[in-house]
Amino acid sequence: MTFNPNARSGGSRVSRRGRNTGLAVGGGGLGAIVLFLIAQFTGFDLSGLAGGTETTTQQQGTAIEQCETGADANANVECRMDFTAQALDSYWERELGQQYTLPEFVLFTQGVNTACGAASSAVGPFYCPSDETVYLDVSFYDELRTRFGAQGGSLSQMYVVAHEWGHHIQNITGIMAQAQRGDTGAGSDAVRLELQADCFAGAWVGEASTVPDESGTPFLEPVTREQVADALNAAQAIGDDRLQQRSQGQVNPDTWTHGSSEQRQRWFTEGYEGGTGACDTFAVSEREL
């Protein structure tokens with residue numbers, strides 16, 4: 001999926017934070033994958049993970065600049081993140097009306113301090129409900145290709161952001177507060193939250209080309225079959241079963257926190273085809289997840 005070259009920015013929605021040590025975590029392997037999984041489950045208190053030590057440094061965000069048009073978003077990954085945020089805002093404002101509040105969106109390098117604790121880039125993208133902020137190191141997209149084996153096209157990058165936006169929707173609508181936090185397993189609330197966030201991402205993709213900028217120009221061009229396949233490929237790459245098989249050589253559904261590759265792809269598709277009304281993952285049995 002590409003941005004309409006004529007779409008115009010309504011003002012920067014993304015801030016950038018410079019290099020920060022954040023949480024010192026051993027690199028690579030299973031540890032990084034586990035941190036990645038935990039972080040994507042809403043970003044709860046990352047500061048004590050994996051024996052990490054939190055460091056405190058001054059961080060000041062600076063707005064992303066020179067991202068004026070959709071053409072800029074197509075050419076530059078940070079501009080793409082900025083325009084993705086704006087397109088998501090417009091979509092969710094249409095869906096939720098006055099109930100919608102804008103999350104913050106921070107791009108960081110190496111590490112970041114948050115209201116949920118300090119985190120290194122090893123945790124991957126995450127949403128912190130305590131400060132209602134999505135955090136992402138864009139180097140994750142290289143990891144998505146090289147470590148997790150995804151194709152890593154532009155729509156897969158947008159899917160990652162839309163998934164984290166889904167957690168914000170769960171937070172502000174009370175879904176997250178009603179969920180049983182910290183549990184695991186194929187039918188757990190943790191998995192249901194993640195699959196619903198995938199579904200919300202799919203719902204946005206399905207409607208994204210109808211969402212206009214402030215001048216009425218659609219942010220995005222109609223999605224192609226190949227681009228949807230790119231997003232589904234990313235969902236497959238980060239399924240619990242695939243990650244466990246890759247890191248441990250075996251699959252244990254009792255420890256799942258996100259759902260299988262098949263589930264993540266299927267719930268994205270449910271949203272893509274049926275909109276947000278198809279995304280009540282808490283209303284179905286474990287077998288139907």
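Parameters at a glance
- Residues numbered from 1 in each chain as written.
- Predicted model: local features only at pLDDT ≥ 70, side-chain atom pairs only at ≥ 80, totals over all residues.
- Heavy atoms only, no water.
- Axes fitted to C-alpha atoms, helices over the stretch in contact; angles between N-to-C directions.
- Helix = DSSP H or I, 4+ residues; strand = E, 2+ residues; numbered from the N terminus.
- Parallel < 35°, antiparallel > 145°, perpendicular 65-115°, else oblique.
- Contact = heavy atoms within 4.5 Å.
- Nonpolar A, V, L, I, M, F, W, Y, C, P; charged D, E, K, R; others polar.
- Salt bridge = Lys/Arg side-chain N within 4 Å of Asp/Glu carboxyl O.
- Buried < 20%, exposed > 50% of the residue type's maximum accessible area, 1.4 Å probe, protein only.
- Pairing = 2+ DSSP bridges.
- Disulfide = S-S within 2.5 Å.
- pLDDT = per-residue confidence, 0-100.
- Expected span 1.5 Å × (residues − 1).
- Polar contact = N/O pair within 3.5 Å; in protein donor to acceptor, adjacent residues only side chain to side chain.
- Left-handed = near helix turned anticlockwise from the far one by under 90°.
- Phe/Tyr/Trp six-rings, centres within 6.5 Å; stacked < 30°, edge-to-face > 60°.

Asker: Can you walk me through the packing of helix α3 (residues 77-96) against helix α7 (residues 189-207) in this structure?
Answerer: When two helices pack together, their arrangement is captured by the angle between the axes and the distance separating the axes. Across the interface, α3 lies against α7 with an axial gap of 11 Å and an inter-helix angle of 95°. With respect to α7, the axis of α3 lies roughly perpendicular. Contact residues: α3 offers T84, A87, L88, Y91, W92 and R94, while α7 offers F200, A203, W204 and E207. The residue inventory of the contact of α3 with α7, partitioned by class, reads seven nonpolar, one polar and two charged.

Asker: What is the right way to read the pattern of salt bridges from this model?
Answerer: Opposite charge on two side chains lets them pair, provided their charged atoms get close. Tallying each qualifying case throughout the model produces six salt bridges. The partner of E78 in a salt bridge is R16, and the shortest N-O contact between them spans 2.6 Å. In this pair, E78 sits in helix α3 while R16 sits in strand β1 (residues 15-19), placing the two residues 62 residues apart along the sequence. Judged by its relative accessible area of 31%, R16 is partly exposed.

Asker: For this particular structure, what's the right way to read the pairing of strand β5 (residues 117-120)?
Answerer: A regular strand carries its side chains on alternate faces of the sheet. The sheet contact formed by strand β4 (residues 111-114) and β5 spans four bridges and is antiparallel. Looking at β5, one finds that T114 is bridged to G117. The loop that links β4 with its antiparallel partner β5 comprises two residues.

Asker: Before we go on, may I ask you to explain the state of the cysteines in this structure?
Answerer: Formally, a disulfide is one covalent bond, and it connects the sulfur atom of one cysteine to the sulfur atom of another. Taken as a whole and judged by the stated rule, the model has three disulfides. Covalent S-S linkage joins C67 and C79, the inter-sulfur distance amounting to 2.1 Å. The disulfide joining C67 to C79 has a torsion of about -75° about its S-S bond and is therefore left-handed. Here C67, found in the loop between β2 (62-63) and α2 (70-75), pairs with C79, found in helix α3; they are 12 residues apart in sequence, far enough to count as distant. At a sulfur-sulfur separation of 2.1 Å, the disulfide partner of C116 is C128. A torsion of 90° about the S-S bond marks the disulfide between C116 and C128 as right-handed.

Asker: I tried to follow the confidence of the model for the protein on my own but got confused; where do I start?
Answerer: Reading predicted coordinates in detail is not appropriate for stretches of low pLDDT. Confidence in the prediction for the protein averages 85 pLDDT; 85% of positions are at 70 or higher. Taken together, the stretch residues 20-58 has pLDDT below 50 and engages in 107 contacts with residues farther than four places along the chain or on a different chain.

Asker: Explain α3 here, please?
Answerer: Since the α-helix turns once every 3.6 residues, residues separated by three or four places project in the same direction. For α3, with 20 residues, the first-to-last C-alpha span of 28 Å sits near the 28 Å given by 1.5 Å per residue. Within α3, 14 of the 20 residues are buried, leaving the element largely enclosed by the surrounding structure. The backbone nitrogen of E78 has a side-chain oxygen 2.9 Å away, supplied by the residue at the start of α3, namely N76.

Asker: Help me understand the packing of helix α5 (residues 154-173) against helix α8 (residues 225-237) in this model?
Answerer: Close contact between α5 and α8 brings their axes to 7 Å; oriented N to C, the two are set at 55°. With respect to each other, α5 and α8 are oriented oblique. With respect to the hand of their crossing, α5 and α8 are arranged in right-handed fashion. Of the residues in α8, those in contact with S154, L155, S156 and Y159 of α5 are Q227, V228, D230, A231, A234 and A235. Considered class by class, the residues forming the contact of α5 with α8 number six nonpolar, three polar and one charged.

Asker: Help me understand the packing of aromatic side chains in this model?
Answerer: How two aromatic rings sit relative to each other is set out by the distance from centre to centre and by the angle between their planes. Inspection of the entire model under this criterion finds eight aromatic pairs. Judged by centre distance (5.7 Å) and plane angle (85°), the ring pair of Y159 and F268 falls under edge-to-face. Of this pair, Y159 sits in helix α5 while F268 sits in helix α10 (residues 261-274), placing them 109 residues apart in sequence. The pair formed by Y159 and F268 is uniform in burial state, with each residue classed as buried. Members of the aromatic cluster, joined through ring pairs, are F3, F83 and F219.

Asker: I'm lost on the environment of A7 in this one. Help?
Answerer: In this structure, A7 sits in the segment before β1. Dropping the residues within four chain positions of it, A7 is found in contact with E68, T69, G70, F83, D213, T217, P218 and F219.

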